[in-house]
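Close look at the chain arrangement
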Amino acid sequence: MTGPALPQPRGELSAAVIAALTSGDTALDSTLPPTVDPYGDDLQLALYVLYELHYRGFTGVPDELEWDPGLLAVRRSLERPFLAALRRDVPPGTSADEALDALLVEPVGHDDSSVSHHLQRDGELWQLTEYAALRSLYHLKEADPHAWVIPRLRGRAKAGMVAVEFDEFGAGRPEEIHARLYADLMTDLGLDTTYGHYLDRAPAVALATVNLMSLFGLHRALRGALVGHFATVEVTSSPGSRRMAAALRRTGAGKAAQRFYDEHVEADAVHEQVVRRDVVGGLLADEPHLEADIAFGVHATGLLEDRFGAHVLKAWQQQHSALRTLPHGGTERKSP
């Protein structure tokens, strides 16, 4: 299986990582400059590239580099400030139930801070297309990052997790795999469905939402946080997907585009109950000391999604593209 091309670097950190993957010389200095921005383009791209070695990798990069000690040391040095910033910026002290209950409160009327609310009522087709391009970094590997936690669970939590993941992976039908349904959505919107195609166009706020899943998934010590992330996705998916489906119908997108979100409205309403009762409840019964980590996962997910939404809405309100400008020139406003 051929992976995507390596992206263009966005600073010294990502340039060093990409050069190491290109040359095979992985003897890198893992010391970061003290002023590095944990949410910035350079660190987030470097981290994304290193995480991607655990998924499909990159064209021309040997598979053996996935577990290269030098690259792992660099990855760890990038993860530390990112995780520290998340712990600093999320609200402390809530229980897992309190964190999840807050997600069930839907705003009355229109929510100006919500991307799905904006798209449902006011969004234009070019905005829906941009949103789909940005979200493709996750949805073309939907559910893969969450699968890392399966061997770290047991009993009721594991059974519930596998039941939901089974649906995400098409319930045994390859044409129903959610990543495949998302590719069909992208086709309806005229987007390139090549895995990783829009990486160079994705700003740091989009990369961070995907990096968070990999950070939690690849560290057994963060299994509680990954369950919190997974629960957040499932709890919020059904109402958000309903708004997205309505937006796609209103703007005349194709049936495949609508189907992706229609599928999530129905499936995730069921998944929410399984996740709350069995995955979260089962994990807390087995490992009650992980409750703070579950709540942290919920809040960290909300934090990064809020940052992503604020970036996208600010750009659109100014009739600008939410995509990054390519190194060789400007972005086209209405076409990714």
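Each value, and the rule that gives it
- Residues numbered from 1 in each chain as written.
- Predicted model: local features only at pLDDT ≥ 70, side-chain atom pairs only at ≥ 80, totals over all residues.
- Heavy atoms only, no water.
- Helix = DSSP H or I, 4+ residues; strand = E, 2+ residues; numbered from the N terminus.
- Rg over C-alpha atoms; globule rule 2.2 N^0.38 Å.
- Contact = heavy atoms within 4.5 Å.
- Areas by Shrake-Rupley, 256 points an atom, 1.4 Å probe, with all protein chains shown as cover.
- Lys, Arg positive; Asp, Glu negative; His and termini not counted.
- Charge placed at Lys NZ, Arg CZ, Asp CG, Glu CD.
- Domains from an automatic or database assignment.
- Buried area = accessible area lost by both parts, 1.4 Å probe.
- Salt bridge = Lys/Arg side-chain N within 4 Å of Asp/Glu carboxyl O.
- Polar contact = N/O pair within 3.5 Å; in protein donor to acceptor, adjacent residues only side chain to side chain.
- Buried < 20%, exposed > 50% of the residue type's maximum accessible area, 1.4 Å probe, protein only.
- Core = buried A, V, L, I, M, F, W, Y, C linked by side-chain atoms within 4.5 Å.
- Phe/Tyr/Trp six-rings, centres within 6.5 Å; stacked < 30°, edge-to-face > 60°.
- Lys NZ or Arg CZ within 6 Å of the ring centre and 35° of its normal.
- pLDDT = per-residue confidence, 0-100.

With that settled, the discussion passes to the overall build of the protein. If you tally the helices and strands in the protein, you get 13 helices and 0 strands. For the protein, the C-alpha radius of gyration of 19 Å lies close to 20 Å, the compact-globule estimate for 336 residues. Counting only contacts in the protein whose residues sit at least 6 apart along the sequence, the fraction spanning at least 24 positions is 79%. Summing over all exposed atoms, the protein offers an accessible surface of approximately 14400 Å²; the carbon and sulfur share of this is 53%. Distance between charge centroids for the protein: 2 Å, based on 32 positive and 47 negative side chains.

So, about the domain arrangement of the protein. Structurally, the protein comprises domain 1 (12-89) and domain 2 (96-317). Here the C-alpha centre of domain 2 lies 24 Å away from the C-alpha centre of domain 1. Contact with domain 1, which involves 21 residues of that partner, is made by 25 residues of domain 2. Taken together, the two surfaces of domain 1 and domain 2 that pack against each other cover about 2200 Å², and 67% of this comes from carbon and sulfur. At the boundary of domain 1 with domain 2, the tally comes to 1 salt bridge. Linking Lys141 and Glu52 is a salt bridge whose minimum nitrogen-to-oxygen distance equals 3.0 Å. In this assembly, domain 1 and domain 2 are joined by 7 residue pairs in polar contact (both at pLDDT 80 or more).

So, about the pattern of salt bridges. As enumerated under the stated definition, the model contains 16 salt bridges in all. The closest approach of N and O atoms between Arg154 and Asp286, which form a salt bridge, is 3.8 Å. One end of the pair, Arg154, is in the loop between α7 (144-147) and α8 (155-168); the other, Asp286, is in helix α12 (residues 255-286), and 132 residues separate them in sequence. For Arg154, a relative accessible area of 49% translates into the label partly exposed. Taking relative accessible area as the criterion, Asp286 reaches 31% and is therefore assigned partly exposed.

Further remarks concern the nonpolar core. Residues Phe82, Leu86, Leu185, Phe216, Tyr261 and Trp316 are the most contacted members of the largest nonpolar core, which totals 102 residues. Counting residues per element, this core draws most heavily on helix α13 (residues 291-317), at 12 residues. Here this core spans two domains, and each of domain 1 (12-89) and domain 2 (96-317) adds at least three residues to it. Once you skip the residues sitting within four places of it in the chain, Phe216 turns out to touch Leu222, Ala225, Leu226, His229, Phe296, Gly297 and Ala300.

What follows is about unusual backbone geometry. Phi at Ala171 takes a positive value of approximately 50 degrees, unusual for a residue other than glycine. As for its position among the elements, Ala171 is in the loop between α8 and α9 (178-188). Unlike most non-glycine residues, Gln319 shows phi in positive territory, near 60 degrees. On the basis of relative accessibility, which here comes to 36%, the residue Gln319 falls in the partly exposed class.

On to the side chain of Arg223, then. Turning to its location among the elements, Arg223 is positioned in helix α11 (residues 223-250). There is a polar contact of 2.9 Å between the side chain of Arg223 and the backbone oxygen of Arg220. With near-sequence residues (within four places) excluded, Arg223 lies in contact with Val149, Arg152, Glu287, His289 and Leu290.

Further remarks concern the packing of aromatic side chains. One pass over the full model with this rule turns up 7 aromatic pairs. Judged by centre distance (6.2 Å) and plane angle (55 degrees), the rings of Tyr131 and Phe308 are tilted. Residue Tyr131 is found in helix α6 (residues 125-139), and its partner Phe308 is found in helix α13; the two are separated by 177 residues along the sequence. Considered together, Tyr131 and Phe308 belong to a single accessibility category, that of buried residues. These aromatic residues form a ring-pair network of at least three members: Tyr182, Phe260 and Tyr261. Across from the ring centre of Tyr195, 4.0 Å away, lies the NZ or CZ of Arg56, which sits over that ring. Its end group placed over the ring of Phe296, Arg87 keeps NZ or CZ at 4.4 Å from the ring centre.

Chain-level statistics for the protein give a pLDDT mean of 93 and a share of 96% at 70 or above. Ignoring residues within four places in sequence, the model shows residues 329-334, a span with pLDDT below 50, making 16 contacts including any to other chains.

Examined against the element boundaries, His264 turns out to sit in helix α12. For His264 and Ala245, which are 19 residues apart along the polypeptide, the C-alpha to C-alpha distance reads 9.6 Å. Setting aside its immediate chain neighbours within four residues, His264 contacts Glu142, Glu168, His178, Ser237, Ser238, Ser241 and Ala269. There is a polar contact of 2.9 Å between the side chain of His264 and the side chain of Glu142. Among the polar contacts listed, one links the side chain of His264 to the backbone oxygen of Phe260, at a separation of 2.8 Å.

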